[in-house]
There are 2 protein chains.
Amino acid sequence: MLTYDLEARGGLSLYEYLYRRLRDDILSGALAAGERLPSKRALAEHLRVSVVTVEGAYQQLEAEGYVDARPRRGFFVSPVDRRLPAAEAGPGLPAEEPPRAWRLDLKSGRADPSFFPSALWARLTRQVLSEGGHLAPVPHQGLPELREAIARDLRDFKGMAVSPEQIVVGAGAEYLYLLLAQLLGREAVIALEDPGYPKIRQVYGKWGADCRPIPLDGQGMNLEALYASGATAAHLSPAHHYPTGIVTPIARRQALLRWAEEADGIIIEDDYDSEFRFTGRPIPTLQSIDSRGRVVYMNTFSQTISPSMRVGFMVLPPRLLERCRRELGFYASTVPALEQQVLARFLSGGGSGSWYEQHLSRTRKKYRLRRQKVLERFALCPFAASLTDRGAGLHFLLRLNTEEDDEALRRRAEGLGVRLGFLSEYAAVPNPAYAHTLVVNYAGLDVERLDEAEALLSRVFLTR
Amino acid sequence: MLTYDLEARGGLSLYEYLYRRLRDDILSGALAAGERLPSKRALAEHLRVSVVTVEGAYQQLEAEGYVDARPRRGFFVSPVDRRLPAAEAGPGLPAEEPPRAWRLDLKSGRADPSFFPSALWARLTRQVLSEGGHLAPVPHQGLPELREAIARDLRDFKGMAVSPEQIVVGAGAEYLYLLLAQLLGREAVIALEDPGYPKIRQVYGKWGADCRPIPLDGQGMNLEALYASGATAAHLSPAHHYPTGIVTPIARRQALLRWAEEADGIIIEDDYDSEFRFTGRPIPTLQSIDSRGRVVYMNTFSQTISPSMRVGFMVLPPRLLERCRRELGFYASTVPALEQQVLARFLSGGGSGSWYEQHLSRTRKKYRLRRQKVLERFALCPFAASLTDRGAGLHFLLRLNTEEDDEALRRRAEGLGVRLGFLSEYAAVPNPAYAHTLVVNYAGLDVERLDEAEALLSRVFLTR
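Note that the coordinates shown come from a computational prediction; the quantities given were computed from them, not determined experimentally. (Residues numbered from 1 in each chain as written. Chains lettered and ligands numbered in written order. Predicted model: local features only at pLDDT ≥ 70, side-chain atom pairs only at ≥ 80, totals over all residues. Heavy atoms only, no water.)

*Asks:* Can you lay out the overall build of chain A for me, pointing to particular residues and giving the numbers?
*Replies:* A count of helices and strands for chain A gives 15 helices and 15 strands. Taken over C-alpha atoms, the radius of gyration comes to 31 Å for chain A, far larger than the 23 Å a tight globule of 464 residues would show. Taking the principal axes of its C-alpha atoms as reference, chain A extends roughly 90 × 55 × 50 Å. For chain A, the residues scored as buried account for 57% of the 464 residues in total. Considering only contacts within chain A whose residues lie at least 6 apart along the sequence, 71% involve residues at least 24 apart. When the accessible surface of chain A is split by element, carbon and sulfur atoms take 50% of a total near 18900 Å². (Helix = DSSP H or I, 4+ residues; strand = E, 2+ residues; numbered from the N terminus. Rg over C-alpha atoms; globule rule 2.2 N^0.38 Å. Buried < 20%, exposed > 50% of the residue type's maximum accessible area, 1.4 Å probe, protein only. Contact = heavy atoms within 4.5 Å. Areas by Shrake-Rupley, 256 points an atom, 1.4 Å probe, with all protein chains shown as cover.)

Here is the structure:
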């Protein structure tokens, strides 16, 4: 009869310990395939435990396939591999790169977390939690309340006529790019601004779309190159291009819409930075002057509220909306109900102007001040040849007074704990005209520490 | 000189109104391309407004490209399309299907929201908000605190040796399938359980992977068919297959791992329902008996906490982890920092056993009771031929006492406000053996209303 020292079981329950010992014996071969286990009653008596204990262990072994129960005959050991395949000295885990603490970071355009409307957000969150709104089922396009609030904001503050039914909410810009790629189809040829935001290229590329870098002229994507590209879709940021800062004027916008109509194409209007326009009114979006349903509009709340919130949305024209529901409707929404509810209230509440617009207005003022101080300071630095300030967005270009290679500068900067982004990095097709130009993302810059920033940059650029 | 009736401006500011009138005149052709606008001072004097007002309007027109500023010469009208392309009677918006309120829904396996630990969750959320944890930058694999908490839970309650570095957090199962598809590459041939969960097929199919439906036998995926398929990856749910409920025994698990080694393949272990095992201990995962790094383990908190939370994770073996960081590291995390922080605390806090495990234990008891009552009731219904109860999961199979076609039954049910799911719907390759079998998702069933449910089902199945 099977004998186990039940006193050696440590903190395990009798049933658990018995199960483990039996399993080990099956795996080691001490109990051979086909062998019959003692009856529950007999083993219980032998080990001085209750029948229930043995029964539990046997049932567990059966559920896991170690033994086989035959009616009225008992439990028989199943044929299992005696030994697990020997562990090979496989490759170890690749170490995870810890996030680096930079002394100065001009590359990441992360919004300043101190601008986040913490008290109001906490209040709205408590409201939603107490009302159970965080448990609401979320349709795949997003909660109706949120889509209505977004449509209202687009109408009131961007002059866009958008129905909530056209809106698809998703977990940030890259997830939306990925949905869009699936919507455009594998055969899509996508024109991308060059230079441009690299993640757009990466996502469409991962999807396997044929991406065509299109050079920019002073007004945005070059039309001649766009026509010649054979593209079926063009991804643009006409409000404020990253990283050049180009604002596409109205005539070019109209010409781009004409291209879309003639090429039977789609324009993806990536409006990521348009809320931070510091002079004049926001420029009308391509979506709002598009009468043929050629434009997909997209934006996120990463810059305006917080990148840690992971919420964006896109507005689909009718021709893509139906396809989206038919082909991508099986995807569950990627944004938690809680975030959607709180954001919907933030966009809707607060009276005329909405809490969101009040927040934007405050934030815009703070960034305008920060921008001005940074521009003034950098303009006077000996390493600055010229600044390109377009009065919009959370970055600007700084042409450097140097002939040194961008890569060498970046390496020297990293050695000093300084993270820099150069215009040349954003180009798919290299161009000497892009050299020696820094993309200054000032959103996270502390103006109280501009002396230190200047000193660090001087060490990077003025040391030879 | 340009003359506008500034009294007609309604609620608009002077500057805004002037800008709009000038823009309209440019678009209508009243101001022709090349024409010079009056000087700011002259127009201001003429209209009796301040120079600042005219300046604002001119700058806005310039920013949008309607006019061109030439240094020391003034503002000139730019060439723009006079008319926007005429709005075509395009297709209207396809109507959004409103979610239907079913009288009885046996198809959606949505967890019961009343089981959600609301008070504790609200408390943890308040904590995180007051500490600013919701503003934390989120690395692409997810917050370290959350990954550590998940690894600890997997170790303590599933006997899995997992490093937090191997974990990737994402916005629900389908998003993780999409990431995995990108990781496996376009040339992947993916073996899928048939019948099986349709979204798996849909996501991999969208990605363009070659999917091979593999029939099941009583132990899970049929090995012979798997070997013959030429698959490079197999997506499995060995703990409790949806919808058949099959539990894969240990010998088959070992054989599947051997297949992966011999075929140089990957096994995706989708452990979605494993927490709801009502008899015995949880069955060891494939991941925990895999010594060769062939298994990707994945799970979500949709069933165990709430589907409205949208959080899942996967555990990558070293060979895929490095590739994930290299090729997919550019994707931002899709889960808000707030959800990640709160979930991390829920998984870690509460002393031994953790709040999460205490919650699971309570939830399991409630579902066990509900299951038992539903099984007892359904077993006695005249329309039930037999029940397949595997003591696990939030669904079971009910073979119907009917020869009627599944599709006809579903239609009749829908007419009565009853939503049903049939085993046959889940099959990629039709098989007559699947007919007349209902998949009963009982998680959302109200046991107080079983009389009503039975009456409704009787009307569906016993009416001819």
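*Asks:* How would you summarise the relation of the copies chain B and chain A if you had to cite specific residues and measurements?
*Replies:* For the pair chain B and chain A, the best superposition has an RMSD of 0.1 Å and corresponds to a rotation of 180 degrees with a translation of 0.0 Å parallel to the axis. Put plainly, the chains are arranged around a two-fold axis. Mapped onto chain A, 100% of the interface residues of chain B again fall at the interface, so both copies present the same surface. (Least-squares fit on C-alpha atoms with pLDDT ≥ 70 in both.)

*Asks:* Can you tell me about the nonpolar core, naming the residues and giving the values?
*Replies:* Counting residues in each nonpolar core, the largest one holds 144 residues, and the members touching the most others are A:Phe301, A:Phe378, A:Leu420, B:Phe301, B:Phe378 and B:Leu420. Each residue touching A:Phe378, except ones within four places of it in the same chain, is listed here: A:Leu106, A:Ala384, A:Leu387, A:Phe396, A:Leu398, A:Val440, A:Leu445, A:Leu450 and A:Leu457. Judged by nonpolar contacts, the second largest core, of 64 residues, contains A:Val168, A:Ala173, B:Tyr204 and B:Ala209. (Core = buried A, V, L, I, M, F, W, Y, C linked by side-chain atoms within 4.5 Å.)

*Asks:* Quick rundown of the interface of chain B and chain A? Include the residues and the values.
*Replies:* For an interface, size is often stated in terms of accessible area lost upon the parts coming together. Taken residue by residue, the interface counts 90 residues in chain B and 90 residues in chain A. Buried surface at the junction of chain B and chain A, both sides included, amounts to about 7600 Å², of which 57% is carbon and sulfur. Counting across the interface, chain B meets chain A through two salt bridges. For the salt bridge of A:Lys206 with B:Glu327, the shortest nitrogen-to-oxygen distance reads 3.2 Å. Between the two partners, chain B and chain A, sit 22 residue pairs in polar contact (both at pLDDT 80 or more). In terms of residue class, the side of chain B that touches chain A is built from 47 nonpolar, 20 polar and 23 charged. (Buried area = accessible area lost by both parts, 1.4 Å probe. Salt bridge = Lys/Arg side-chain N within 4 Å of Asp/Glu carboxyl O. Polar contact = N/O pair within 3.5 Å; in protein donor to acceptor, adjacent residues only side chain to side chain. Nonpolar A, V, L, I, M, F, W, Y, C, P; charged D, E, K, R; others polar.)

*Asks:* Could you give an account of the environment of B:Thr402, naming the residues involved and the relevant values?
*Replies:* Residues and elements named next belong to chain B. Take Thr 402: it is sitting in the loop between strand E13 (395-400) and helix H14 (406-415). For the pair formed by Thr 402 and Leu 321, sequence separation is 81 residues and the distance between their alpha carbons is 50 Å. For Thr 402, the residues in contact, after removing those within four places along its chain, are Leu 409 and His 436. Only 2.9 Å separates the side chain of Thr 402 from the backbone nitrogen of Glu 404, close enough to count as a polar contact.

*Asks:* Lay out a positive patch on the surface with the relevant residues and their values.
*Replies:* On the surface, a cluster of positive charge is made up of A:Arg123, A:Arg126, B:Arg123 and B:Arg126. Broken down by secondary-structure element, the contributors of at least two residues to the positive patch are helix H4 (118-131) of chain A together with helix H4 (118-131) of chain B. (Patch = residues over 30% accessible without salt bridge, like charges linked within 9 Å, V, L, I, M, F, W, Y side chains within 5 Å. Lys, Arg positive; Asp, Glu negative; His and termini not counted. Charge placed at Lys NZ, Arg CZ, Asp CG, Glu CD.)

*Asks:* I'd like a rundown of the packing of helix H2 (residues 40-47) of chain B against helix H3 (residues 51-63) of chain B, residues and numbers included.
*Replies:* Residue and element names in this part refer to chain B. At their nearest, the axes of H2 and H3 sit 8 Å apart, and the two run at 120 degrees to each other. It follows that H2 is oblique to H3 by the angle criterion. For the element pair H2 and H3, the recorded crossing hand is right-handed. Within the contact between the two elements, H2 uses Lys 40, Arg 41, Leu 43 and Ala 44 and H3 uses Val 51, Val 54, Glu 55 and Tyr 58. When its residues are assigned to classes, the contact of H2 with H3 shows five nonpolar, no polar and three charged. (Axes fitted to C-alpha atoms, helices over the stretch in contact; angles between N-to-C directions. Parallel < 35°, antiparallel > 145°, perpendicular 65-115°, else oblique. Left-handed = near helix turned anticlockwise from the far one by under 90°.)

*Asks:* A description of the packing of helix H13 (residues 354-380) of chain B against helix H15 (residues 450-461) of chain B should follow, citing residues and the corresponding values.
*Replies:* Residue and element names in this part refer to chain B. Relative to each other, H13 and H15 sit at 40 degrees, their axes nearing to 11 Å. Relative to H15, the element H13 is oriented oblique. Relative to H15, H13 is oriented so that their crossing is right-handed. Between H13, through Lys 373, Val 374, Arg 377 and Phe 378, and H15, the contact on the second element is made entirely by Leu 450, Asp 451, Glu 454 and Leu 457. Per-class residue counts for the contact of H13 with H15 are four nonpolar, no polar and four charged.

*Asks:* Give a detailed account of helix H13 (residues 354-380) of chain A, specifying residues and quantitative values.
*Replies:* All names here are of chain A. Taking 1.5 Å per residue as the helical rise, H13 with its 27 residues ought to reach 39 Å, and the 40 Å between its terminal C-alpha atoms agrees with that figure. All buried positions along H13 are accounted for by Ser 354, Tyr 356, Glu 357, His 359, Leu 360, Thr 363, Tyr 367, Arg 370, Arg 371, Val 374, Leu 375 and Phe 378. For H13, the elements touching its buried residues are helix H5 (144-158), helix H12 (337-348), strand E12 (384-388), strand E13 (395-400), strand E15 (437-441) and helix H15 (450-461). (Expected span 1.5 Å × (residues − 1).)

*Asks:* I'd like a rundown of the packing of aromatic side chains, residues and numbers included.
*Replies:* Tallying each qualifying case throughout the model produces 38 aromatic pairs over all chains. When the centroid spacing of 6.2 Å and the interplanar angle of 65 degrees are considered together, the rings of A:Trp207 and B:Trp207 count as edge-to-face. Of this pair, A:Trp207 sits in helix H7 (residues 198-207) while B:Trp207 sits in helix H7 (residues 198-207), which puts the two residues in different chains. Residue classification places B:Trp207 among the buried positions, given a relative accessible area of 3%. Ring plane angle 50 degrees and centroid distance 5.1 Å describe the contact between A:Phe383 and A:Phe461, whose orientation is recorded as tilted. Here A:Phe461 lies in helix H15 and A:Phe383 lies in the loop between H13 and E12, a separation of 78 residues in the sequence. A:Phe383 sits in the buried class, given a relative accessible area of 1%. Joined through ring pairs, the aromatic side chains of A:Phe116, A:Trp121, A:Tyr297, A:Phe301, A:Phe313, A:Phe346 and A:Tyr356 make up one cluster. Sitting over the face of the ring of A:Phe76, A:Arg70 holds its NZ or CZ atom 3.9 Å from the ring centroid. (Phe/Tyr/Trp six-rings, centres within 6.5 Å; stacked < 30°, edge-to-face > 60°. Lys NZ or Arg CZ within 6 Å of the ring centre and 35° of its normal.)

*Asks:* Kindly report on the pattern of salt bridges, identifying the contributing residues and their values.
*Replies:* In this structure the tally under the stated criterion is 56 salt bridges over all chains. A salt bridge links A:Arg411 to A:Glu407; the shortest N-O distance between them is 3.7 Å. Linking A:Arg411 with A:Glu407, this pair stays in helix H14 (residues 406-415), spanning four residues, or about one helical turn. Residue A:Arg411 is classed as exposed on the basis of its relative accessible area, which comes to 54%. Ionic pairing is found between B:Glu261 and B:Arg294, a salt bridge with its closest N-O pair at 3.1 Å. Here B:Glu261, found in helix H9 (residues 250-262), pairs with B:Arg294, found in the loop between helix H10 (286-289) and strand E10 (295-300); they are 33 residues apart in sequence, far enough to count as distant. Here the salt bridges share partners, and the residues they tie into one network are A:Lys107, A:Glu407, A:Arg410, A:Arg411 and A:Glu425.

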